Amino acid sequence: MNRVQQRTALRDYYSTRFNIDELKSVINFSKFSTREFGFATLGGKFFRNISFENPQALIDFLVDRTPFHAYIGAVYNESPTRETPIHTLEWFGHELVFDIDLNEYDVVRQFICECQGADQVCIRCWQLVNLAVDIIDETLRLDFGMKEIKWVFSGRRGVHGWVNDNLGFLLNQEQRMSIIDYLSVIHGEAETARIQDREKLKYDFRNRIEHTVFKYFLKNVRRKDLINLGLGSTSATNIMKQLEHQEGNMDDNLLRNINLRIAKINKYDEILRRWVPRIDHKVTIDLRRLLRLPYSIHGKTGKVARILPPSDIFSFNPDEEPSIF
Amino acid sequence: MSLPDWFILQSPPDLDIDIAKWKQLAWKRVELLEQLPQGRSRVVRDHFPPTEDESLSHNYYDYRLGAYLLRLIAATNRRLEAWLIESEGDLFEYLYSDRTTIDQKKSIFRHLFGNNNVMDYEDFKSEMDENNNENLAELYHQFHSGRGRIASDFLICVHFSQVPWMVSNRRGYLRKGWIISNENSFRGSLKKAFEEKFQNDIEKAQDLLGMNEIIDQTVQEIEQNLAKHTKIRSQFSSDEFEGKDLQSHPEIFPPCMIFLFSEFESTGRLIHAHRLQLGFFLKKIGMSVDDQLHYWFEKSVDNRNITYAEFQRTSGYQIRHLYGLEGGKKDYDVPKCSTIATSYFCSFIHLDPAILIEFLSNNYLTNKKSIVPSKKQLERIISQSSSNPTLACTEYFPIIYGRTFYGKIVHPLQWARFASKIEGLIVDEKESDTASKNKVETGQ
């Protein structure tokens, strides 16, 4: 598609299919006119410090200007404009957001799938995203008592978790950072990252992490992964047979049996290191950050950054998402 | 449940009092706070005896009046504010642990964290429908069967938003947005909450100034006296700080100065404005004019083909000018951060984020140990460096020295003074006097 065709496709999407009501389920609309927006043009220019009187003005802008990327930021005491940029305004609030992107997993993806390079994504490595959503969503609800959590496809290689509770909206940087600390199980994100002492993970959270990671690991494990971890070939073959026999429905006996074999080769931490959630911290703690506007189009892929409903969030396949380009 | 009488963050006292008496009470409070470093138990024993004596409540009211006036004064003077917050925080910590009943402790929890953010353990179980939670039962069992349990300790629940440090470090049991733990484990967070609330109250106190001429005059008078007061000045002043031979201790330099210092050491070059900035700073931390002349002559690559005598005549003029020995003969001060931001060099504003990360991660020199800030800490600082450089600088300080800097760093010498204290490079004048006096008295 050339640029003219892309622009036409964007205009068509924003004028006929972009539904502002769906956005309301993710974003706090109470102070819409003082919310910052940002846009990137087809030519790569980037603009921020933009605000709109009302949602219709935003739609008109999207249809008229057909930006390649649309972003939404924080709410301020006054409307951000070029004359009154955000650093001159008082921050009022921003939804609590978590960014799960496969970029963060590049150092461990080699153990999960055959994808190479930043642009590749497959249903196997997407399981890493699913696992992160699974653990973070449950932890936010059960440990932190949050309720209004929506997961939004980023349009490319990840998802954004939007927490729209009143409390989450007003949390300061230190409070957001504490949530990130609580959810972080590994020190650093690099290849050499070390798993925290599991004894320091308290109660429900430790059980949740261990149980969920092991479940995902076994659902996706291949014989060569077990051998690479250090299991003998016979043992690996037996485990694979048992897993195939149960067709993914693992009973406690099987789990315990496999658990023991993994424990024998002392590779439990290694499995955790490969699978535990890796959150892009900057997105959560930066109170003035712009994030992709839910239901806008990702300019590189042409895919809609749509909400993933809880019913099919774990069967979502980014490769199957249609592109408007 | 009511707050203890000694607790100063209560509703403002009646200000319709005799000014002379009020001044006396403020000084009494200063003296009390000054005694803390010498012996907390003596201060608590002498001023806050553990009795139910009615007459004592009148004393406590006087203490609160004195403390309130100091709060007004701190609102006009940043260095006094820092001293007051730290001293009152320490006193609060001592009195809370030594002179407070369980009911009073619960009141303090509610007062500092907010009434809606604190719940009794039993209330939490019933209101949150957690009667069958096995982990909670285990926590209760562990608490009550613990051998070292103190009788005055109890289980309490605080909303996670009020105790981020405990969330970060996974202290206590986090359930449905509440941290459930024993009272003792909340003490660090409670002291921090006290200090933050106290700081907010100081900021609010500014609104009271300018309303009453007599109060304003009193505040001004005590502020001036306190500014001259040796102990406070030596501990917390910024613009009056003058060090001695601290140029050989780059571990106390603020980030802007350490960057310029390292840059000059490695390249032998700095642009004029940066030379001035570093020169002013080196002067104020105790480098003599002769030492600076030699320093710039030896390190600068521009001086390779000239003699020291020639250097003295040319560039030497600028250096002597810094010391007020040439030209207008003015003794220049180090520019404050807001001036540095626009006319000189601030690492948080003028470095690219990637270079800033590299610099903050690796290039900091400290005597204590190799400090390697975590990625998260750096990200947090970088995210606010351009929009709020003074805050970024203030937040970087505790990462390096492990001590919180109350108030904002608005002057490079604030950093240098506090860092020198922490690194043990400057000694409090009064303490030094006392130490030498003791040596004489004990015949040492």
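Draft legend 1. Focus on the environment of V219 of chain B. Residues and elements named next belong to chain B. Within the secondary structure, V219 is located in helix α10 (residues 213-228). Once the C-alpha coordinates of V219 and E34 are considered, the two residues, 185 residues apart in sequence, prove to be 19 Å apart. Residues within four places of V219 in sequence aside, it is in contact with L69, L72, I73, T76 and L209.

Draft legend 2. Seen up close, the side chain of T34 of chain A. Residue placement: T34 of chain A occurs in the loop between α2 (20-24) and β1 (35-40). The contacts of T34 of chain A, once residues within four sequence positions are left out, are A74, V75, Y76, N77, E78, S79 and P80 of chain A.

Draft legend 3. Representation of the side chain of Q127 of chain A within the structure. Residue and element names in this part refer to chain A. Position of Q127 relative to the elements: it lies in helix α4 (residues 126-142). Residue Q127 is classed as buried on the basis of its relative accessible area, which comes to 15%. Residues contacting Q127, with those up to four places away along its chain left out, are Y216, N220 and W275.

Draft legend 4. Structural detail: unusual backbone geometry. All names here are of chain B. Unusually for a residue other than glycine, D129 sits at a positive phi of about 55°. With phi around 55°, K176 is a residue other than glycine that occupies positive phi space. Among the structural elements, K176 can be located in the loop between β3 (173-175) and β4 (178-182).

Draft legend 5. Examining the interface of chain B and chain A more closely. The interface of chain B with chain A comprises 26 residues on the first partner and 31 residues on the second. Counting the surface lost from both chain B and chain A, the interface buries some 2600 Å², and carbon and sulfur atoms represent 52% of this. Ranking the residues of chain B by area buried against chain A places R170, K376 and R380 of chain B at the top, with a combined share of 29%. Counting the contacts that link chain B with chain A gives 1 salt bridge. A salt bridge links E174 of chain A to K192 of chain B; its shortest N-O distance comes to 2.8 Å.

Draft legend 6. Highlighting helix α1 (residues 19-35) of chain B. In this model, α1 of chain B (17 residues) spans 25 Å end to end at C-alpha, consistent with the 24 Å of a helix rising 1.5 Å per residue. Restricting attention to buried positions, one finds in α1 of chain B the residues W22, L25, A26, R29, V30, L32, L33 and E34 of chain B.

Draft legend 7. The sheet that holds strand β5 (residues 96-101) of chain A, seen in detail. All names here are of chain A. Taken together, 3 strands build an open sheet; the order of strands is β5-β7-β6 and the sheet is antiparallel. The strands lining the two open edges of the sheet, one partner per strand, are β5 and β6 (149-153). Along the sheet, successive strands turn relative to each other by an average axial angle of 20°, direction set aside. Looking at chain direction, β6 and strand β7 (residues 158-163) are connected through 5 bridges and run antiparallel. Bridged to F153 within β7 is V159.

Draft legend 8. Quick peek at the packing of aromatic side chains. All names here are of chain B. Counted under the stated rule, the structure contains 46 aromatic pairs over all chains. Consider the rings of F259 and F359, whose centres lie 5.2 Å apart with planes at 90°: the pair is edge-to-face. Pair noted here: F259 is in helix α12 (residues 255-267) and F359 is in helix α19 (residues 353-362), with a separation of 100 residues, a long-range link. Summarising the burial analysis for this pair, F259 and F359 share the class buried. Aromatic side chains F397 and Y401 sit 4.6 Å apart centroid to centroid with 40° between the ring planes, which places their arrangement in the tilted category.

Draft legend 9. A look at the pairing of β5 of chain A. Residue and element names in this part refer to chain A. Buried residues dominate β5, accounting for 6 of its 6 residues. With burial as the criterion, each face of β5 is covered, one bearing L96, F98 and I100 and the other bearing V97, D99 and D101. Where β5 lies against β7, 6 bridges are found, and the strand directions are antiparallel. By the bridge assignment, D99 is partnered in β7 with H160.

How each quantity is defined
Residues numbered from 1 in each chain as written. Chains lettered and ligands numbered in written order. Predicted model: local features only at pLDDT ≥ 70, side-chain atom pairs only at ≥ 80, totals over all residues. Heavy atoms only, no water. Helix = DSSP H or I, 4+ residues; strand = E, 2+ residues; numbered from the N terminus. Contact = heavy atoms within 4.5 Å. Buried < 20%, exposed > 50% of the residue type's maximum accessible area, 1.4 Å probe, protein only. Buried area = accessible area lost by both parts, 1.4 Å probe. Salt bridge = Lys/Arg side-chain N within 4 Å of Asp/Glu carboxyl O. Expected span 1.5 Å × (residues − 1). Pairing = 2+ DSSP bridges. Axes fitted to C-alpha atoms, helices over the stretch in contact; angles between N-to-C directions. Phe/Tyr/Trp six-rings, centres within 6.5 Å; stacked < 30°, edge-to-face > 60°.

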